[in-house]
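# Chains, contacts and geometry: an overview
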Amino acid sequence: MRQLIRKPLFNPSGDTEVSARRIINGNTTNLNDFNNMKYPWVSRWYRQAMNNFWVPEEINLSADVKDYPRLSFEERRAYDKTLSFLIFLDSIQTANLPALGEYVTANEINLCLAIQSFQEAVHSQSYSYMLDTICEPQKRTEVLYQWKDDEHLLRRNEFIGNLYNEFQKDKSPECFVRTAVANYILEGIYFYSGFMFFYNLGRNHKMPGSAQEIRYINRDENTHLWLFRNILRELQQEEPDLFTPEMVETCREMIREGCEQEIAWGHFVIGDNIPGLSKQMITDYIRYLGNLRCTNLGFAPIYEGCEEEPASMSWVSQYSNANLIKTDFFEARSTAYAKSSALVDDL
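What comes next is a walk through the structure. (Residues numbered from 1 in each chain as written. Predicted model: local features only at pLDDT ≥ 70, side-chain atom pairs only at ≥ 80, totals over all residues. Heavy atoms only, no water.)

### Some thoughts on unusual backbone geometry
- Here the phi dihedral of Asn 25 falls at roughly 60 degrees; this positive angle occurs in a residue that is not glycine.
- Examined against the element boundaries, Asn 25 turns out to sit in the segment before helix H1 (40-51).
- Relative accessible area serves as the criterion here: at 23%, Asn 25 is assigned to the partly exposed category.
- For Asn 30, which is not glycine, the phi torsion reads 70 degrees and is therefore positive.
- By secondary structure assignment, the location of Asn 30 is in the segment before H1. (Helix = DSSP H or I, 4+ residues; strand = E, 2+ residues; numbered from the N terminus. Buried < 20%, exposed > 50% of the residue type's maximum accessible area, 1.4 Å probe, protein only.)

Structure below.
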């Protein structure tokens with residue numbers, strides 16, 4: 001089986017011709033030349049990601065400190081478990097992106113991965129800030145490590161974690177594609193029942209600071225999602241032999257498994273016990289997202305009859321300004337094009 005070429009850090013004999021640049025198995029000099037990029041969308045992505053800079057402590061959580069003890073048992077349980085899951089996801093992302101970048105030979109793509117890795121670290125910091133503010137230290141530690149002890153959380157984490165671990169051992173181009181799709185699933189499916197839970201609290205006038213933190217994170221995750229969508233699309237153009245019917249079906253089945261995991265998790269942690277959400281709403285929305293993720297990669301949808309956003313869930317995109325989920329990133333108009341400070345009064 002073919003193996004990826006690990007890029008050298010110092011390579012004077014690397015290609016300087018832009019047209020020779022490739023996502024994988026290229027001959028890079030590693031020079032960050034902002035004036036000569038092969039992929040025209042990268043410049044806009046980079047500038048947008050830089051404009052998204054924010055600091056978790058900018059957001060006031062004083063109302064959340066009062067609200068948290070007043071949450072129902074079901075709401076507080078969902079809050080704790082969702083945070084534990086999200087902290088793990090962003091932590092593993094922070095660690096995995098540099099591992100992928102060692103085999104990405106297009107320097108402008110690595111610039112994007114570097115920003116994404118930084119933003120994932122900020123997201124982990126934001127979850128810790130939320131916990132540090134509203135919880136006692138013992139409770140904070142309990143929430144942070146629930147993913148190790150809760151069988152439902154652990155099973156969810158194992159799906160993505162094992163896919164990432166596979167790339168530590170298998171450096172084939174095929175495994176790179178599967179790892180990129182795993183990233184796409186994490187960014188485009190795995191976060192969303194958690195996001196909708198926090199937005200539902202916000203629309204019920206509970207935990208407004210937490211909902212705002214999630215809104216900033218959601219804005220970043222939209223850019224990460226479209227980064228990996230574009231990476232996979234470029235790979236389809238540069239490495240068409242990788243995307244055999246069998247590989248496409250493998251990717252679709254990965255997305256399906258991600259959706260089924262997300263639905264099962266949403267049923268377990270949210271269920272029918274939290275005002276404003278239900279198991280059916282979660283199922284319909286995640287199936288819609290699964291189809292959207294497939295079609296955005298040029299794959300056939302996986303859930304018949306779930307091609308349109310469910311009317312019962314339209315408030316999610318309205319609340320989060322996440323119209324980037326539904327339209328092409330660079331054609332969408334949303335507050336994601338403003339600096340983060342402009343978002344504070346835009347809820």
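Still to come is the rest of the account.
### Details of the layout of surface pockets
- The space that makes up the largest pocket amounts to roughly 200 Å³.
- Partitioning the lining of the largest pocket into residue classes produces 3 nonpolar, 8 polar and 5 charged. (1 Å grid on protein atoms, 1.4 Å probe; cavity = no way out; pocket = protein on both sides within 12 Å on 5 of 7 lines; lining within 4 Å. Points joined across faces, edges and corners; volume = space filled by probe spheres on them. Nonpolar A, V, L, I, M, F, W, Y, C, P; charged D, E, K, R; others polar.)

### Here we look at the packing of aromatic side chains
- One pass over the full model with this rule turns up 16 aromatic pairs.
- Note on Phe 34 and Tyr 46: the rings are 5.2 Å apart at their centroids and 65 degrees apart in plane angle, and the pair reads as edge-to-face. Placement of Phe 34 in the segment before H1 and of Tyr 46 in helix H1 is noted, with a sequence separation of 12 residues between them.
- Given a relative accessible area of 42%, Phe 34 falls into the partly exposed group.
- Taken together, a centroid distance of 5.8 Å and an interplanar angle of 85 degrees make the contact between Tyr 103 and Phe 167 edge-to-face. One end of the pair, Tyr 103, is in the loop between helix H3 (73-101) and helix H4 (107-134); the other, Phe 167, is in helix H7 (residues 151-169), with 64 residues separating them in the sequence.
- A relative accessible area of 8% means that Tyr 103 is categorised as buried.
- Taken together, the ring pairs connect Phe 85, Phe 159, Tyr 190, Trp 265 and Phe 268 into an aromatic cluster.
- One Lys or Arg, Arg 77, reaches over the ring of Phe 268 and ends 4.6 Å from the middle of that ring. (Phe/Tyr/Trp six-rings, centres within 6.5 Å; stacked < 30°, edge-to-face > 60°. Lys NZ or Arg CZ within 6 Å of the ring centre and 35° of its normal.)

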